[in-house]
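What the coordinates show
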Amino acid sequence: MTRATRLILPDTDRVLSRQTGWTRAHWEALSDHLLDSLVPYFSPGSALIALPGRPSRSGTASDQLEGFARSFMLAAFRIAGVQGKGCEALIERYARGVANGANPEHPESWLRLTPRSQQMVEAAAIAVALHESREWIWERLDDRAQQHVAEWLGGFIGSTTHDNNWRLFQVVSEQFLASVGAPFSQEDIDGGLDRIEDWYVGDGWYSDGDGQAFDNYIGWAMHLYPALWTRMAAATPGAAYEDRLAVYRERINLFLEDAVHLVGNDGAPIYQGRSLTYRMAAAAPYWMGALLDSTPLSPGQTRRLCSGIARHFVEHGVPDERGLLTLGWYDTFLPTTQSYSGPGSPYWASKGFVGLILPPEHPVWADPEDTIPLDEADQVRSMPAPGWIVHASRHDQVVQLINHGSDKQPLAEPEGVEPLGDPHYNRFAYANHAGPELSDEAPRIDNLITLVADGKASGRGRIRRLGITARTASSWHNAWLGTEGPWRIETTSVVHGGWEIRCALVDGPSGALVRSGGFAVAGESLPSATASGTAASARNDDGLLSAIVGLHGYDEAGIHRGLGANAFGSHSATPYLTAPHHGEPLVLVSAVVLTRDALRPEALAEGIDVAVDGRTVRITLPGGGSEVVTLGG
């Protein structure tokens with residue numbers, strides 16, 4: 001492979017891939033470009049990669065290991081899929097880096113593994129990469145280098161990790177040790193695999209640790225690593241793995257029945273949860289279903305979904321002009337990241353290339369693309385395990401996630417004032433073309449119902465579930481104004497067409513203001529926006545419209561504008577409604593819309609009839625359908 005200066009993709013193939021035009025050649029070209037673009041940043045001994053960007057909380061030594069380890073996973077998938085052919089320079093580079101990094105006497109030696117250290121994450125990537133490229137890298141290392149690797153990975157033995165997906169880093173690393181005849185702890189492996197059973201909540205879903213942590217980690221960690229572990233265990237003489245494999249196959253099949261709805265028909269994944277800078281990693285669970293031969297998707301559907309995701313990011317400037325994956329969503333945008341994110345973190349995008357392990361003749365590469373459900377019709381999917389309803393519009397490619405279950409809060413009932421909540425988890429709704437406002441200085445408005453008084457605004461921390469049906473979901477949360485509270489806010493979302501009808505029962509102090517926001521829309525130019533009476537809307541330069549319309553109880557509408565607060569563009573606008581609170585429980589009803597349609601927000605109020613009797617809300621929908629919502633029951 002030669003080093004590329006810019007991404008050059010093959011011509012699209014509308015015969016084999018009529019939806020995306022992408023084939024395996026596109027994936028190989030993209031992976032080669034990403035790997036070749038890293039060459040100028042390698043250390044002299046190839047064991048570290050020093051990338052430009054904000055350092056993580058773990059420091060530059062950890063960050064440079066991260067760049068090597070995560071890109072090594074991509075290199076391993078690329079090498080394995082073509083049996084090493086044409087990858088000689090790549091093999092030499094990473095084999096040299098492994099030998100030098102694991103050598104404790106080399107100037108570029110990697111940080112030792114200590115309990116709960118960031119290098120544990122990177123060690124797992126190296127273990128997976130060594131397993132998948134075993135024939136071409138591990139087996140070419142001399143005995144001394146292999147011993148150094150085993151000693152370095154051996155830092156996991158008997159150690160402790162964070163009690164979430166990190167347990168799986170220990171599992172795969174020690175299983176690799178077992179597979180090469182090095183010391184390991186079967187107790188560590190079994191303990192980690194047993195621990196994730198505590199987080200399995202049904203329908204193929206895990207929480208990432210205790211509590212209600214549902215996001216992309218479920219696909220790119222909680223399903224990915226157990227599946228990769230089975231591949232390692234299969235290569236370990238005498239290892240027992242068949243029973244667990246059967247369980248993991250069943251679960252990923254179930255998970256994919258939901259996950260197929262989490263991506264738009266343009267390939268845009270929903271923007272929700274942490275570590276979104278991993279971008280193409282969202283494709284990992286679809287590939288893993290094929291790798292485990294346990295998926296409800298046809299081979300053509302699998303490639304259609306995964307290629308759609310990769311193509312979407314490429315079309316939005318990923319990687320950048322240097323060929324690098326930056327800290328952000330499309331462009332560099334640090335609020336998308338977390339304090340543990342360093343310049344090498346985005347290379348967990350490598351997980352989304354795991355399908356390259358499958359050979360070119362495999363049906364996921366050789367079969368024609370198939371349509372996914374959203375290619376054929378609008379979709380509504382209730383997902384009780386995470387507490388979500390996902391609804392999507394075929395013609396404008398907008399997917400919306402109604403959230404009444406994911407909060408990433410402690411499992412135990414909190415005492416005293418609750419946290420305001422993480423905007424990547426605490427919103428009532430998320431989408432694939434709109435994201436939450438993330439500035440620390442910005443008021444909390446978008447997709448929240450909050451109390452506002454004396455310069456303070458409440459949040460949405462722990463979510464208490466009340467129920468979910470095919471088109472409705474309910475929950476409540478506590479609202480705090482500083483140290484005052486709590487006041488209960490109960491909400492039921494009713495999905496109809498592309499709308500969410502949001503019914504709320506709000507407790508609060510007399511004199512407070514209740515504020516309810518719609519989606520924030522963003523772009524590189526100022527979104528147009530209007531607010532009149534009890535309707536407000538904003539439209540960005542991509543034609544995406546956010547609207548919120550008061551159907552009962554609200555008396556004013558407004559627009560909040562943001563600058564540098566949104567992953568989807570420098571300029572953002574959020575429509576919102578307000579109502580005064582007089583100290584008695586207040587029933588409020590609104591319609592929240594995100595669409596590319598031409599829409600007059602006031603027409604929503606004309607098309608939906610709402611009658612409120614005490615705490616019972618009767619909704620008559622266009623076309624004659626109806627819903628009855630009882631709040632506080």
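Here's a quick rundown of the structure.

What counts and what doesn't
- Residues numbered from 1 in each chain as written.
- Predicted model: local features only at pLDDT ≥ 70, side-chain atom pairs only at ≥ 80, totals over all residues.
- Heavy atoms only, no water.
- 1 Å grid on protein atoms, 1.4 Å probe; cavity = no way out; pocket = protein on both sides within 12 Å on 5 of 7 lines; lining within 4 Å.
- Points joined across faces, edges and corners; volume = space filled by probe spheres on them.
- Helix = DSSP H or I, 4+ residues; strand = E, 2+ residues; numbered from the N terminus.
- Nonpolar A, V, L, I, M, F, W, Y, C, P; charged D, E, K, R; others polar.
- Salt bridge = Lys/Arg side-chain N within 4 Å of Asp/Glu carboxyl O.
- Buried < 20%, exposed > 50% of the residue type's maximum accessible area, 1.4 Å probe, protein only.
- Core = buried A, V, L, I, M, F, W, Y, C linked by side-chain atoms within 4.5 Å.
- Contact = heavy atoms within 4.5 Å.
- Pairing = 2+ DSSP bridges.
- Axes fitted to C-alpha atoms, helices over the stretch in contact; angles between N-to-C directions.
- Expected span 1.5 Å × (residues − 1).
- Phe/Tyr/Trp six-rings, centres within 6.5 Å; stacked < 30°, edge-to-face > 60°.
- Lys NZ or Arg CZ within 6 Å of the ring centre and 35° of its normal.

By the definition in use, this model includes four cavities of 30 Å³ or more. The wall of the largest cavity is formed by 18 residues, among which Asp215, Asn216, Leu262, Ala282 and Tyr286 lie closest to the centre. Looking at the lining of the largest cavity, the elements that each hand over two or more residues are helix H8 (217–234), helix H9 (242–259) and helix H10 (284–291). Here the residues of the lining of the largest cavity sort into 14 nonpolar, three polar and one charged. Each pocket or cavity is described by its volume, and for the second largest cavity that value is around 70 Å³. Of all the secondary structure elements, the ones that give two or more residues to the lining of the second largest cavity are helix H13 (373–376), strand S3 (379–383) and strand S4 (388–392). Broken down by element, the residue count for the lining of the second largest cavity peaks at three residues, all from S4. Split by residue class, the lining of the second largest cavity holds eight nonpolar, three polar and one charged.

In this section: the pattern of salt bridges. If you walk through the whole model with that rule in mind, you get 25 salt bridges. Arg488 is the partner of Glu490 in a salt bridge, and the nearest nitrogen-oxygen pair spans 3.0 Å. Residue classification places Glu490 among the buried positions, given a relative accessible area of 5%. Members of the salt-bridge network, linked through shared partners, are Asp163, Arg167, Arg195, Asp198 and Asp210.

Moving on, we get to the nonpolar core. In this structure, Tyr94, Trp110 and Tyr286 are the most contacted members of the largest nonpolar core, which totals 141 residues. Looking at this core, the element that brings in the most residues is H8, giving 12 residues. The residues contacting Tyr94, other than those within four sequence positions of it, are Leu35, Leu38, Phe42, Ile49, Phe68, Ser71, Phe72, Ala75 and Ile137.

Another aspect to go through is the sheet that holds strand S5 (residues 399–403). With antiparallel pairing, four strands are arranged side by side in an open sheet as S3-S4-S5-S6. Strands with a single pairing partner mark the edges of an open sheet, and in this sheet they are S3 and strand S6 (429–431). Neighbour to neighbour, the strand axes of the sheet diverge by 15° on average, direction disregarded. Examined bridge by bridge, S3 and S4 share five bridges and lie antiparallel to one another. The residue of S4 that forms the bridge with Gln379 is Ala392.

Another point: unusual backbone geometry. Cis geometry is found at the peptide bond from Val318 to Pro319, where omega equals 0°. If you trace the backbone, Pro319 turns up in the loop between helix H11 (299–315) and helix H12 (363–366). The omega torsion of the bond from Gly485 to Pro486 falls at 5°, within 30 degrees of zero and hence cis. Here Pro486 shows up in strand S11 (residues 484–496).

If you check helix H6 (residues 166–179), its first and last C-alpha atoms are 20 Å apart, about what 14 residues at 1.5 Å a residue would give, namely 20 Å. In terms of residue burial, H6 counts as a mostly covered element, since 14 of its 14 residues are buried. Immediately beyond the C-terminal end of H6, within one or two residues, lies Gly181, with a positive phi of roughly 75°.

Moving on: the pairing of strand S20 (residues 586–595). Counting buried positions along S20 yields 10 of 10 residues, so the element is predominantly enclosed. In S20, alternate side chains face the same way, and those of Leu586, Leu588, Ser590, Val592 and Leu594 on one face and Val587, Val589, Ala591, Val593 and Thr595 on the other are all buried. Here strand S12 (residues 499–506) runs beside S20; their pairing, made up of eight bridges, is antiparallel. Bridge pairing in S20 places Trp499 opposite Val593. With seven bridges connecting them, strand S17 (residues 545–552) and S20 associate as antiparallel partners. When the bridges of S20 are listed, Val549 appears paired with Ala591.

For the structure on display, the rule yields 29 aromatic pairs. Seen in terms of ring centroids, Trp110 and Trp152 are 4.7 Å apart; in terms of plane orientation they differ by 55°. Their pairing is tilted. Linking Trp110 in the loop between helix H3 (88–102) and helix H4 (118–132) with Trp152 in helix H5 (residues 143–153), this pair joins segments that are 42 residues apart in sequence. Grouping residues by exposure puts Trp110 and Trp152 together as buried. When the centroid spacing of 6.3 Å and the interplanar angle of 50° are considered together, the rings of Trp329 and Phe568 count as tilted. Pair noted here: Trp329 is in the loop between H11 and H12 and Phe568 is in the loop between strand S18 (556–566) and strand S19 (569–580), with a separation of 239 residues, a long-range link. Summarising the burial analysis for this pair, Trp329 and Phe568 share the class buried. Connected via pairs of aromatic rings, a cluster forms that spans Phe42, Phe68, Phe72, Tyr94, Trp110 and Trp152. Positioned above the aromatic ring of Phe42 is the side chain of Arg93, whose terminal nitrogen or guanidinium carbon lies 5.8 Å from the ring centre. Between the NZ or CZ atom of Arg460 and the centre of the ring of Phe428, over which it lies, the distance is 3.8 Å.

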